[in-house]
Amino acid sequence: MLGSADMMANDHGTVLATMTFNLVAPAGVIAPVGVELRYDSRNPYEIAMKLNVGTDGQVDWVIARDLLADGLIAEAGEGDVRIRPRLDSSGVVVIELSSPSGQASFEVDADQLVDFVNDTYDVVAPGDEHRWMNVDEVLSRLLSHNL
């Protein structure tokens, strides 16, 4: 076990996974979307998602790691991001994203998401996130964005 926060700050880790999310269109048509999930211990509470939307480039989302983990076992989230297991016990998780420019519903293989979340826990254990935060760096970032 690491002895100090300073040691942790110099021992960052990243988990990267690529997988296919199935975009479910209103008419029930399914289109595969390539997705990159990234977890970085420098931002221990969040997961970055890059959705490859073809010729339009990519769409970036940031979601809470806890939200993803909770959504694997029960309905989770309010507002812009909602995650839940599909009701038919098919091993599929539904991720719904909403923004001012529209909304999308994806179906994802639950086992792939479970593996990804477990890999992030190998980097930063649940409940230890605060030990990986550099408060001065976070405040500096917030102040530079006039938030």
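The rules behind each value
Residues numbered from 1 in each chain as written. Predicted model: local features only at pLDDT ≥ 70, side-chain atom pairs only at ≥ 80, totals over all residues. Heavy atoms only, no water. UniProt positions renumbered as here; feature names shortened; annotations may be inferred. Helix = DSSP H or I, 4+ residues; strand = E, 2+ residues; numbered from the N terminus. Contact = heavy atoms within 4.5 Å.

An unreviewed UniProt entry lists the protein under the name Sporulation and cell division protein SsgA, from Saccharopolyspora spinosa. You can read under Sequence similarities (unreviewed entry) in the UniProt record for the protein the words "Belongs to the SsgA family." Within the UniProt record for the protein, the comment given under Subcellular location (unreviewed entry) is "Cell septum".

1. Remarks on the overall build of the protein
Within the protein, the secondary structure is distributed over four helices and seven strands. In the protein, the succession of helices and strands from N to C terminus is α-β-β-β-β-α-β-β-β-α-α. In the protein, of all internal contacts separated by at least 6 residues, the share reaching a separation of at least 24 is 36%.

2. Looking at the environment of Arg65
Examined against the element boundaries, Arg65 turns out to sit in helix H2 (residues 65-71). Distance from Arg65 to Ala48, taken between C-alpha atoms, is 9.3 Å for residues 17 residues apart in sequence. Residue contacts for Arg65: discarding those within four places in its chain leaves Tyr39, Pro44, Tyr45, Glu46, Ile47, Thr120, Tyr121, Val124, Ala125, Pro126 and Glu129.

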